[in-house]
Every structure is written in structure tokens, then in C-alpha cells.
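Per-entry structural report
Listed here are the chains, written in short residue letters.
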Amino acid sequence: MYSITARFNQIVFFTSWTLVVLSLLNQGTAYFFKTGKPTVDLKILSADKFHHYKATYYNGGVTDWDQVTFKFSLEADFEPVYNWNLKQLFLYVNVHHEHQEKGFQSDCVIYDKIISRPDDPSTWSNSSKLVLKNQRAEYPLKDIHKQLRNATVNFEVWIEVMPYVGYIRREKLGDFQYQMPQQYN
Amino acid sequence: MAEGQSDTFWKSLYIYFNEMDFESQLFVKRIYKIVILTVAIISFIIAFFLERFSVCVYSTIGASVLCILVLAPAWPMWKKNQPNWQQANWQKQK
């Protein structure tokens, strides 16, 4: 305490220590709040532009694949996850499908969205619902093995919970099956 | 510092804000911890019921900035209890 730098140093690092302890308490008490599982409902409205695509490389090689763009509607309620430690949610829709003959699986994300936490807790029950009507998927589903006709695909809705202090965790909210069309359209 | 040497303006300003009484140093050492801890605990409880952690962080940082501005430099209020220095004796010791 004998010089100005010593006093400045002691005050600054004491404040840092209290902020560390308060952040750990913040993360610890968040478990006493609700950390339930949100409800979600997904309906696939249409599978558009389901074609067999072909492309030529500049050096002469040819590649071809199946491609489809989906349209869906999604309803979700995130109020069971909102607590004071939550910063934002990352919602994404994943398509999982298994090749029957060859026995391997593939995953493809077709839509994602960032949901920020609304600032005022008194409005959480009003603004926690997400409704997407006739939403076109951002990324198409491609299959280089051309096995998509008449295949059974699984639409999974995942959520990534990002807190202010603590670990980031992922949860699968729901699983919805869909039968692809028999022919290209 | 020998007689006849003069300080520049910035160096003498630094020396002015650097030197603080021993009594004030004890006081400052006790009080900054009490102030920051009190503000941190009360704002944490308030933020818990408002469900916004940013209230707690901003008020703790604000209290620490206030402490730095008031307690770290040696303002005149911290120079009131000077110890009794002896007279300077510039003759050489035999």
C-alpha cells in the first residue's frame, strides 16, 4: 500500500477474484432454476426439386448426385430452458439417413437459427415460442450414392445451449420420420 | 534528492500522488475490501431476483472503479497524519 501502483494492483485483482467467485455462483445456482426439456413439433410440407444432378469439372471429370430441398413447419417452446445463465440457443435441423445396401450412415444439417435470450425475464413466457410456417430449408440434402429415392430419412431437431458461464451442451429435442418420394420430380 | 536538483512537472506530480500517510494506508487497506465485497454480495442478491447477471457484474466493476479513483491516488485527505520527520542534516558523518 506504499505506492500508487501497489494500491491500484491490489484493488484490480481483488475485483477480478470476486468476479470469478460470483461467476461460479451464477453457474452453480442455475441448476436450481428450471432446466427442463423444450417441446418441439416438426412437419415436412414438401420435398422440392428432387432431381438427379450432374456437373463437369474443368479438367473433364463428371460427377453426379441426388439433391432435394425441403420445406417444413416447426413449432417449439423454449421456456423450460430459460434461466439467468443462458446467453443464446442454437437450433438446427439434422437429416439422418442410413444406406440400406452399404450399411453406413450420413448426417446433413438443413436449417439452423440463433435464438438470443430476451432481456426481460417477465416476458419469457410470451416470447419463448418459436413458430416457423412454410420455412424453406437453407441447405439442400445431397447424396452422392444416389440412394434417396424411396428412402426413410429421420429429421432430428437439436439444440445447443450456450450459457454465460459453464459448459455448452447439446440436446436432441425430437425425431421425425419421413418417406422420400419414389421417383424424381 | 540533493539540493539544487529540480524535478520535471510530471515526475513531481507522480511523487505527489504516490506518497500517503501510514495511517491512511492502513485505512485504505481495510476499506477497499469491505466496499467491494458489500457491493458484490448485495448486487448478486438483487440480480438473483431480477434474473439478470449483468446487473451484478456492472455494479461490481463500477464500485471497483470508484475505489480506484478515490483510494489509489494520495489525495490531500490521505495526507493528514504526517509522521514527525527529523530535520535534514546535510553535513557529512564523522
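Keep in mind it's a predicted model, so treat the numbers as computed, not measured. (Residues numbered from 1 in each chain as written. Chains lettered and ligands numbered in written order. Predicted model: local features only at pLDDT ≥ 70, side-chain atom pairs only at ≥ 80, totals over all residues. Heavy atoms only, no water.)

Residue and element names in this part refer to chain A. In this structure, Asn-134 is a non-glycine residue whose phi angle is positive, near 55 degrees. Of note in this structure, Lys-146 is not a glycine but carries a positive phi near 55 degrees. Secondary-structure assignment places Lys-146 in the loop between strand E6 (141-143) and strand E7 (152-163). (Helix = DSSP H or I, 4+ residues; strand = E, 2+ residues; numbered from the N terminus.)

All names here are of chain A. Under the criterion given, the structure shown has 6 salt bridges over all chains. One salt bridge connects Arg-169 with Glu-171, and the closest N-O pair in it is separated by 3.0 Å. Owing to a relative accessible area of 34%, Arg-169 belongs among the partly exposed residues under this scheme. (Salt bridge = Lys/Arg side-chain N within 4 Å of Asp/Glu carboxyl O. Buried < 20%, exposed > 50% of the residue type's maximum accessible area, 1.4 Å probe, protein only.)

Counting 37 residues, the largest nonpolar core has Phe-70, Leu-74, Phe-78, Leu-89 and Phe-155 of chain A as the members making the most contacts within it. At the level of secondary structure, the elements contributing two or more residues to this core comprise strand E1 (39-56), strand E2 (62-77), strand E3 (86-98), strand E4 (105-116), strand E5 (129-136), E7 and strand E8 (169-179) of chain A. If near-sequence neighbours (up to four positions away) are discounted, Leu-89 of chain A is found in contact with Phe-78, Val-81, Tyr-82, Lys-113, Ile-114, Ile-115, Ile-159, Glu-160 and Val-161 of chain A. Counting 13 residues, the second largest nonpolar core, distinct from the first, contains Met-1 and Ile-11 of chain A together with Ile-36 and Ile-68 of chain B. (Core = buried A, V, L, I, M, F, W, Y, C linked by side-chain atoms within 4.5 Å. Contact = heavy atoms within 4.5 Å.)

With that settled, the discussion passes to the pairing of E4 of chain A. Bridging between E3 of chain A and E4 of chain A involves 11 bridges; their strand directions are antiparallel. Paired with Phe-90 of chain A across the strands is Ile-114 of chain A, a residue of E4 of chain A. (Pairing = 2+ DSSP bridges.)

Moving on, we come to the packing of helix H1 (residues 4-29) of chain A against helix H2 (residues 22-50) of chain B. The N-to-C vectors of H1 of chain A and H2 of chain B enclose an angle of 25 degrees; their axes lie 11 Å apart at closest approach. Viewed along their axes, H1 of chain A and H2 of chain B adopt a mutual orientation that is roughly parallel. Viewed along their axes, H1 of chain A and H2 of chain B form a crossing whose handedness is right-handed. For the pair H1 of chain A and H2 of chain B, contact is made by Arg-7, Gln-10, Ile-11, Phe-14, Thr-15, Thr-18, Leu-22, Leu-25, Asn-26 and Thr-29 of chain A and by Val-28, Tyr-32, Lys-33, Ile-36, Leu-37, Ala-40, Phe-44 and Phe-48 of chain B, respectively. When its residues are assigned to classes, the contact of H1 of chain A with H2 of chain B shows 11 nonpolar, 5 polar and 2 charged. (Axes fitted to C-alpha atoms, helices over the stretch in contact; angles between N-to-C directions. Parallel < 35°, antiparallel > 145°, perpendicular 65-115°, else oblique. Left-handed = near helix turned anticlockwise from the far one by under 90°. Nonpolar A, V, L, I, M, F, W, Y, C, P; charged D, E, K, R; others polar.)

When pLDDT is low, close inspection of the predicted coordinates is not appropriate. Residues and elements named next belong to chain B. Confidence in the prediction of chain B, expressed as mean pLDDT, is 87, and 89% of residues score 70 or more. Averaged pLDDT values over the elements of chain B bottom out at 89 in helix H1 (residues 9-18) and peak at 93 in helix H3 (residues 53-71). Under the prediction, the complex receives an ipTM of 0.83, its pTM being 0.74. (pLDDT = per-residue confidence, 0-100.)

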